[in-house]
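Fold and geometry: a report
Listed below are the residues making up each chain.
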2 protein chains.
Amino acid sequence: MNKIDTRIWTTEEVAADLERAVLEHRLPPGTKLGEDELAEAYGISRTIVRAALQALAHKRLVELRRNRGAFIAQPSVREAREVFEARSLLEPRTARSAAERMTGADLAILQANIDEEHTALDAGESGKALLLSGQFHVEIARIAHQATIEAFVSELISRSSLIIALYWRRRAALCETQAHHALMKAFTAQDGDTAEQLMKSHLLDLVASLDLRAVTEPATSLREALGR
Amino acid sequence: MNKIDTRIWTTEEVAADLERAVLEHRLPPGTKLGEDELAEAYGISRTIVRAALQALAHKRLVELRRNRGAFIAQPSVREAREVFEARSLLEPRTARSAAERMTGADLAILQANIDEEHTALDAGESGKALLLSGQFHVEIARIAHQATIEAFVSELISRSSLIIALYWRRRAALCETQAHHALMKAFTAQDGDTAEQLMKSHLLDLVASLDLRAVTEPATSLREALGR
DNA sequence: GTCGGCATGATTGTATACAATACTGTGCGC
DNA sequence: GCGCACAGTATTGTATACAATCATGCCGAC
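Reading the values: rules and limits
- Residues numbered from 1 in each chain as written.
- Chains lettered and ligands numbered in written order.
- Predicted model: local features only at pLDDT ≥ 70, side-chain atom pairs only at ≥ 80, totals over all residues.
- Heavy atoms only, no water.
- pLDDT = per-residue confidence, 0-100.
- Helix = DSSP H or I, 4+ residues; strand = E, 2+ residues; numbered from the N terminus.
- Pairing = 2+ DSSP bridges.
- Contact = heavy atoms within 4.5 Å.
- Buried area = accessible area lost by both parts, 1.4 Å probe.
- Salt bridge = Lys/Arg side-chain N within 4 Å of Asp/Glu carboxyl O.
- Polar contact = N/O pair within 3.5 Å; in protein donor to acceptor, adjacent residues only side chain to side chain.
- Near = heavy atom within 4 Å.
- Nonpolar A, V, L, I, M, F, W, Y, C, P; charged D, E, K, R; others polar.

**Regarding the confidence of the model for chain A**
Mean pLDDT over chain A stands at 90; residues scoring 70 or higher make up 89%. For chain A, helix α10 (residues 221–226) of chain A is the element with the lowest average pLDDT, namely 43, and helix α4 (residues 77–100) of chain A is the one with the highest, namely 98.

**Observations concerning the sheet that holds strand β3 (residues 69–72) of chain B**
Residues and elements named next belong to chain B. Sheet architecture is open: three strands sit in the order β1-β3-β2, paired in antiparallel fashion. The sheet terminates laterally at β1 (32–33) and β2 (62–65), the two strands that pair on one side only. As paired strands, β1 and β3 are joined by two bridges and run antiparallel to one another. Counted as the bridge partner of Leu33 is Ala70 from β3.

**Thoughts on the interface of chain A and chain B**
Contact residues are listed per partner, giving 25 residues for chain A and 25 residues for chain B. For the pair chain A and chain B, the summed buried area comes to about 2,200 Å², and 58% of that belongs to carbon and sulfur atoms. If you look at where chain A meets chain B, you find zero salt bridges. Between chain A and chain B we count eight residue pairs in polar contact (both at pLDDT 80 or more) in total. Residue assignment for the side of chain A that touches chain B shows that the elements contributing at least two residues are α3 (46–58), α4 and α7 (147–167) of chain A.

**Some remarks on the protein's contact with DNA strand D**
Taken together, the neighbourhood of DNA strand D is formed by 15 residues, with Ser45, Thr47 and Arg68 of chain A together with Arg46 and Arg50 of chain B sitting nearest. Sugar plus phosphate, as a fraction of atoms of DNA strand D within 4 Å of the protein: 71%. The contact in question runs from a phosphate oxygen of DNA strand D to an N or O atom on the side chain of Ser45 of chain A, over 2.8 Å. Within the surface near DNA strand D, the residues separate by chemical class into one nonpolar, six polar and eight charged.

**A look at the protein's contact with DNA strand C**
Near DNA strand C there are 15 residues, and of these Arg46 and Arg50 of chain A together with Ser45, Thr47 and Arg68 of chain B occur at the shortest range. Within 4 Å of the protein, the atoms of DNA strand C are drawn from sugar and phosphate moieties in a proportion of 72%. At 2.8 Å, a side-chain N or O of Ser45 of chain B approaches a phosphate oxygen of DNA strand C. In this structure, a base nitrogen belonging to DNA strand C sits 2.6 Å away from a side-chain N or O atom of Thr47 of chain B. Taken together, the elements giving at least two residues each to the surface near DNA strand C come down to α2 (35–42) and α3 of chain A together with α3 (46–58) of chain B. Here the surface near DNA strand C is composed, by residue class, of one nonpolar, six polar and eight charged.

Quick look at the structure:
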């Protein structure tokens, strides 16, 4: 790993940098994050690295195993379902609130996000596109002026990125942008009802595009995996 | 502060112990949590204390001000509204799920919780009663088999405890237990519809019993608090 | 040849030393 | 007497040293 070592990295910056790497699928689930390795890469001591890892662990992006180290989390099928269950409780109603208080400036921000995502996709940067696609959802919570829900949604989106890395099935990537376009129309019309409904089905679509039948449970899978 | 210093405290245990103190209103909002002070009290080094404080900060129970130290959080009026908005999105639907998959063992646990709360109230331990009252809500999320939502609800309950400490108005404390009793009946009947509705109005009751008109924003409060 | 135990190395857990920053009180100047 | 500057103190921020734990590979016994 190589980083520009003239910079002084704070705990939050290290955590954000690692999170971004995870969300862009540059760090796949299960990757070991050695403390010395990271400390050297960022040119800081393990103290900061540990604090950053603890922060990410609290967001469930990283799993800390005592005396073993930190690993990029590998959400189970159950956890994947739970994450989308939580999202389905929070996001549709939040999209409604957002639609109802949407301003021109907000619309511009959302549109810029979609445009950037298109640019990234055209450039073949699918990781960056996925990151932006998630930011779209977080932005909606911000527009609804619900900082608390925004924090939850942000965490759920991050975890969703891991889930997608593990369980994504469909290779056709165009469904995403279509749904966001449809939401934009509802937002522009300040149509809360429609926004709520669209978000609801968008989330259902997302779950449907995952392969959650898989019996890839890390803990209990061994005997089943061997079929005996 | 005095603790039994024969015990070896882990980070999680220290965090849990502090959280319990906050939830029981033994540590009021705004209290400074000095690192040396805590380290000595638990008989550990500042390393562990800092990790525990960071964990609590992530749950928004503690506010970390750079180079200033850690303080028990003082949720603003806005934050209070946001917390109950989030709860109103998560808890009613979760109560429905819980009701539908409620077992006899689950009912027993919930009933035991209510009984303990009564005992605590009779013994004048209002802090412990409040803690148990919160645990009732978390237990419901656990019964619904939604660990992710459970974690969110747990955080929201903890923050609600701070909010109650700051903005509680009604002194009559019996409304709480009544609502929980009503929920128990719906759970016993495995009546999801009723459980969802009861939880919804229970949360509305809670907000209604707070005084959120207050202009008690920490920053601007000093002059007003002195009335001049 | 395979299994189990042991030694070695690598990595994490914890404490502590030192540096940087913010708070407190005193003294000097006006 | 009042206000500001400065020094001293206390507290937090960061790095590092050491201890504890785990992983790996070798060697001997069966």
